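Listed below, chain by chain, are the residues.
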Amino acid sequence: MKPGIHPPYGPVVFRDRAAGFAFLTRSTATSDKTVEWEDGNTYPVIDVEISSASHPFYTGTARVLDTAGRVERFERRYGKREGGR
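Residues numbered from 1 in each chain as written. Predicted model: local features only at pLDDT ≥ 70, side-chain atom pairs only at ≥ 80, totals over all residues. Heavy atoms only, no water.

On to the sheet that holds strand β2 (residues 21–27). To summarise the sheet geometry, strands pair through backbone hydrogen bonds and adopt either a parallel or an antiparallel arrangement. Ordered by their spatial adjacency, four strands build an open sheet running β2-β1-β4-β3, and the pairing between neighbours is mixed. Every interior strand has two partners, whereas the edge strands, β2 and β3 (34–36), have only one. Strand-to-strand twist across the sheet, computed as the mean angle between neighbouring axes with direction ignored, equals 45°. Judged from the seven bridges that link them, strand β1 (residues 10–16) and β2 form a sheet pairing that is antiparallel. Counterpart to Val-12 in the pairing with β2 is Thr-25. (Pairing = 2+ DSSP bridges. Helix = DSSP H or I, 4+ residues; strand = E, 2+ residues; numbered from the N terminus. Axes fitted to C-alpha atoms, helices over the stretch in contact; angles between N-to-C directions.)

Turning next to the pattern of salt bridges. With the rule as written, the count across this model stands at three salt bridges. Between Asp-47 and Arg-15 there is a salt bridge whose closest N-O contact spans 2.7 Å. With Asp-47 in strand β4 (residues 42–47) and Arg-15 in strand β1, the pair connects residues that are 32 residues apart, well separated along the chain. Owing to a relative accessible area of 30%, Asp-47 belongs among the partly exposed residues under this scheme. In this structure, Asp-47 engages Arg-17 in a salt bridge whose closest nitrogen and oxygen atoms are separated by 3.5 Å. You can see Asp-47 sitting in strand β4 and its partner Arg-17 sitting in the loop between β1 and β2, a full 30 residues away along the chain. Under the relative-accessibility criterion, Arg-17 is labelled exposed at 58%. (Salt bridge = Lys/Arg side-chain N within 4 Å of Asp/Glu carboxyl O. Buried < 20%, exposed > 50% of the residue type's maximum accessible area, 1.4 Å probe, protein only.)

Right, let's talk about the confidence of the model for the protein for a bit. Of the residues in the protein, 76% have a pLDDT of 70 or more, and the chain-wide mean is 81. Looking at the elements of the protein, mean pLDDT is at its lowest for helix α1 (residues 56–59), recorded as 59, and at its highest for β3, recorded as 95. (pLDDT = per-residue confidence, 0-100.)

On the surface, a cluster of positive charge is made up of Arg-70, Arg-73, Arg-76 and Arg-77. Along the chain, Arg-70 falls in helix α2 (residues 70–78). (Patch = residues over 30% accessible without salt bridge, like charges linked within 9 Å, V, L, I, M, F, W, Y side chains within 5 Å. Areas by Shrake-Rupley, 256 points an atom, 1.4 Å probe, with all protein chains shown as cover. Lys, Arg positive; Asp, Glu negative; His and termini not counted. Charge placed at Lys NZ, Arg CZ, Asp CG, Glu CD.)

A word on the packing of aromatic side chains. Going through the model one piece at a time under the given rule, you end up with two aromatic pairs. Pairing Phe-14 with Phe-23 gives two aromatic rings, centres 5.7 Å apart and planes at 20°, and the pair type is stacked. Using a relative accessible area of 16% as the deciding quantity, one classes Phe-14 as buried. Relative to Phe-23, the ring of Phe-21 has its centre 5.8 Å away and its plane inclined at 40°; by these criteria the two rings are tilted. These aromatic residues form a ring-pair network of at least three members: Phe-14, Phe-21 and Phe-23. (Phe/Tyr/Trp six-rings, centres within 6.5 Å; stacked < 30°, edge-to-face > 60°.)

This is the structure:
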């Protein structure tokens, strides 16, 4: 890598306030806000809207839409099309 053209890469805490979940990782993102982590060190913290702790796909609370019967319900309501097209 060329020196001086890349942003600094260091430890950052990403925090999902809605789920009360935070994780420490490395990133080029930074913040003026800081938090004291479990190891006693202070790191920049970035608050995120959704994480794996609150996203419906990862938590298993995703709704499955009932696609079976939609065509039949449409045909009952509006009738079948004539002529096949």
